[in-house]
Amino acid sequence: MFAHAKSIPHLSTGDILRKEMADKTQLGEKIAPIINAGKLIPDERIIDVIKHRLQSKDCANGFVLDGFPRTTAQAIALDIMLSQLRMELDAVLLLNASKKEIVRRLSGRRVCIQCGKIYTVDYKKSVCEKCGGRLGIRDDDKPEVIERRLEVYEKQTAPLVDYYREKDLILEINGEQSPEKVLNDVLAVLP
Ligand code: AMP
């Protein structure tokens, strides 16, 4: 939503990787078992994907990274990429939500098995409003995989909060609010 509001690309590594899986590319076939188990794919692979993407013309005026970096090695690689592109991060958004709310949202999220459109926990219909397809659950939104993803976050991604705090880039947002309120807060705090 924020990227849309600013007319810059929204680079979601999860979306990019899920497309590779749906298209059954070589990369998609390799990473599917890792993603479906709730683990992170190897740093080199995702760094390569982002490196390519950031060099595209549409990123020249800015971009929003969503789901990257997720490890310290990825954050260091991003610093190097950005300095080569003569760019800098404006901010790192930390959307705070309790474990209970995260589990509620992930376990209630649905995806259209036909077109891939994602619905939040608040969508109450059982078919896709875009194509009429049936809704299913993402393999990595199953309860045992959600637990694993939260553990992975604590171990591998949470240390990045200090990494970016030291660079004075962290902006904290109350992520438990509605999407509209979160967007408002993001627009209000960003430089
Ligand atoms: P997401 O939609 O952002 O929750 O990502 C879904 C899954 O894709 C994650 O659980 C990981 O398996 C994989 N993934 C996404 N981004 C990354 C990343 N930066 N590093 C490693 N794996 C990633």
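Quick note: structure is the one above.
This text gives an overview of the structure that appears in the document. (Residues numbered from 1 in each chain as written. Predicted model: local features only at pLDDT ≥ 70, side-chain atom pairs only at ≥ 80, totals over all residues. Heavy atoms only, no water.)

## Side note on the overall build of the chain
Consideration 1: Along its length, the chain carries 9 helices and 7 strands.
Consideration 2: The globule rule puts the C-alpha radius of gyration for 191 residues at 16 Å, and the 17 Å found for the chain is close to it.
Consideration 3: Reported as C-alpha extents along the three principal axes, the dimensions of the chain are approximately 45 × 40 × 35 Å.
Consideration 4: Here the chain holds 191 residues, and 36% of them are scored as buried.
Consideration 5: The contacts in the chain between residues at least 6 apart in sequence include a share of 62% that link residues at least 24 apart.
Consideration 6: Just so you have it, the chain exposes about 12100 Å², and 51% of that area is on carbon and sulfur atoms. (Helix = DSSP H or I, 4+ residues; strand = E, 2+ residues; numbered from the N terminus. Rg over C-alpha atoms; globule rule 2.2 N^0.38 Å. Buried < 20%, exposed > 50% of the residue type's maximum accessible area, 1.4 Å probe, protein only. Contact = heavy atoms within 4.5 Å. Areas by Shrake-Rupley, 256 points an atom, 1.4 Å probe, with all protein chains shown as cover.)

## Re the packing of helix H2 (residues 13–22) against helix H3 (residues 26–36)
Consideration 1: Where H2 contacts H3, the two axes come as close as 8 Å, and the packing angle between them is 115°. Judged by the sense of rotation from one axis to the other, the crossing of H2 with H3 is left-handed. Contacts between H2 and H3 pair Leu 17, Glu 20 and Met 21 from the former with Leu 27, Gly 28, Ile 31, Ala 32 and Ile 35 from the latter.
Consideration 2: Counted by class, the contact of H2 with H3 contains 6 nonpolar, 1 polar and 1 charged residues. (Axes fitted to C-alpha atoms, helices over the stretch in contact; angles between N-to-C directions. Left-handed = near helix turned anticlockwise from the far one by under 90°. Nonpolar A, V, L, I, M, F, W, Y, C, P; charged D, E, K, R; others polar.)

By themselves, these figures tell us nothing about what the structure is for.
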